[in-house]
Amino acid sequence: MAGAGLGVVSTYGREYETALNGTPKLSAPSDLKITEIKCGYIRGGSGLFVKIHTNQGIWGCGEGADAVPGTYHLVQMFGRMLKDQNPLNVNRLFENIRKAGFFRGAQSGMYVAVLSAVESALWDLAGKALGLPVYQLLGGKFRDKVRVYMDTALYQSQLPKPEDFAASAKEAVDMGFTAVKFDLDQANDPNKYDRYNWTASPAELKRMYDQMAAAREAVGPNIDICADMHGRYDAVTGMRVAKMLEPIGLMWLEEPIPAENIDAYKQITDSTSTPICAGENHYLAYGFREMLEIGAVNIIMPDLQKAGGLGEGLRIANLSNLYYVPFAPHMVASYLGAMASAHVCAAVPNFMILEWQIYFHKNPMFKEIVDFDGPMVENGFITVSDKPGVGVEINEEAMKKYAVEGMPFFE
Ligand SMILES: [Mg+2]
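Treat the numbers as computed from the prediction; the structure is a model and nothing was measured.

Asker: So, the overall build of the chain: which residues are in play, and what are the values?
Answerer: Within the chain one finds 15 helices and 13 strands. Here the chain has a C-alpha radius of gyration of 23 Å; the compact-globule value for 411 residues is 22 Å, and the two agree. In terms of its C-alpha atoms, the chain occupies a principal-axis envelope of roughly 80 × 60 × 40 Å. Counting only residues that meet the buried cut, the chain has 48% of its 411 residues in that class. In the chain, once contacts between residues fewer than 6 apart in sequence are set aside, the share between residues at least 24 apart is 74%.

Laid out in structure tokens, this is it:
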């Protein structure tokens, strides 16, 4: 028995060594060094793509969204901090950059959005270097597929009618989606009191109700419906709309008021059975701490291309899990950002749903600018990539024609 036991030990050792040697690695992890960072902008400057190069020929790509126009020099500054560093120490590099900006605005805004793009590129790079998908580096996955909801993007300037809401909800459901989102704020609504006053008039309230009722009527009780007010209203309107929409049974009412005053959020949340959701204009786990502590919202929706990246997304989700608050990330990026977000959604227990955009189906640019295997989305789910890194590559050549005049393109 003893001999057999020793035999097992020595076989185990050999097998372990074989397994280690057989693990695909493009370079010895300890020798990997960052050489340079390049970045490019598309979508009028609100889409930032960062590419981090190394001494071993492999690179990582990350995307920043929304809060990124005019950030070229921030990318360059972060690049100087990262030069000659080992990209595998993702959390340390993130913390180095964040702390270096403590007096330079690193608490929120463009600084954090660019950091999100850089941090995400580091995870992609680490995954490629180690031969593992990003979800594996984040601790493994709870699920293989990530449920998404369709943001219908009925454009506000068109003043969509209730029948447009119904048609658009139906279209998403026919495409296989089980959840849809609509915008309720309409700056051009002729029934608005004036452009600066965001108290909804009775006629505006009726418009909102009719739009949501039409969507519910079109899809029936088993489809989730969300409504976004884009932080454009005052607290009394937020409370009235949340109460008014209770019979619709929304999955959530999003940003009824601006992001800054979480006590006002709590007032609305406490006043209604409609779940209240916010977070796309909050940054870093610090930005979510008090909001969760006081119960200001029922659901959080950090944007992982803006709020701090993938590791910070994981920390925010784990923090919200302590309060039994679901994690439903906002997502307005390309498919690179969508898949990067999906890795985090797979790696946390309290994931609820991720945002998906109709532009992936209607604007050919979104297919042209990335390379990946398999369908982007199927029956309202993204299958999380098993390829090393994020599993989606940007196609610089295809992206070139969408470069913004006067803005850097991979330089
Ligand atoms: Mg929103």
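Now that the structure has been shown, we can carry on.
Asker: Got a sec to walk through helix 10 (residues 286-293)? Specific residues and values, please.
Answerer: Three or more residues of helix 10 are buried, namely Gly287, Phe288, Met291 and Leu292. Angular distribution of buried residues about the axis of helix 10 spans 110 degrees; they occupy a single face of the element. The outward face of helix 10, more than 90 degrees from its buried face, is lined by the exposed residues Glu290 and Glu293. Packed against the buried residues of helix 10 are helix 9 (262-271), strand 9 (299-300) and helix 11 (310-321). Gly295 occupies a position one or two residues after helix 10 and carries a positive phi of about 70 degrees.

Asker: Account for the packing of helix 2 (residues 72-82) against helix 4 (residues 109-130), naming residues and giving values.
Answerer: Each pair of packed helices gets described by two things: the angle between the helix axes and the distance between those axes. Interaxial distance between helix 2 and helix 4 falls to 10 Å at its minimum, and their mutual angle equals 55 degrees. Classified by the interaxial angle, the pair formed by helix 2 and helix 4 is oblique. Helix 4 is crossed by helix 2, and the crossing has right-handed handedness. Facing helix 2, whose interface residues are Leu74, Val75 and Phe78, helix 4 presents Met110, Tyr111, Val114 and Val118.

Asker: An account of the domain arrangement of the chain is needed here, citing residue identities and associated values.
Answerer: Examined at the domain level, the chain breaks down into domain 1 (29-132) and domain 2 (137-389). Between domain 1 and domain 2, the C-alpha centre-to-centre distance is 26 Å. Listed as interface residues are 27 residues of domain 1 and, on the opposing side, 21 residues of domain 2. Secondary structure elements with two or more residues in the side of domain 1 that touches domain 2: strand 3 (59-65), helix 3 (90-100) and helix 4. A per-element tally of the side of domain 1 that touches domain 2 places helix 4 first, with twelve residues.

Rules behind the numbers
Residues numbered from 1 in each chain as written. Predicted model: local features only at pLDDT ≥ 70, side-chain atom pairs only at ≥ 80, totals over all residues. Helix = DSSP H or I, 4+ residues; strand = E, 2+ residues; numbered from the N terminus. Rg over C-alpha atoms; globule rule 2.2 N^0.38 Å. Buried ≥ 20, exposed ≤ 12 C-beta atoms within 10 Å, placed from the backbone. Contact = placed C-beta atoms within 7 Å. Arc of directions from axis to C-beta. Axes fitted to C-alpha atoms, helices over the stretch in contact; angles between N-to-C directions. Parallel < 35°, antiparallel > 145°, perpendicular 65-115°, else oblique. Left-handed = near helix turned anticlockwise from the far one by under 90°. Domains from an automatic or database assignment.

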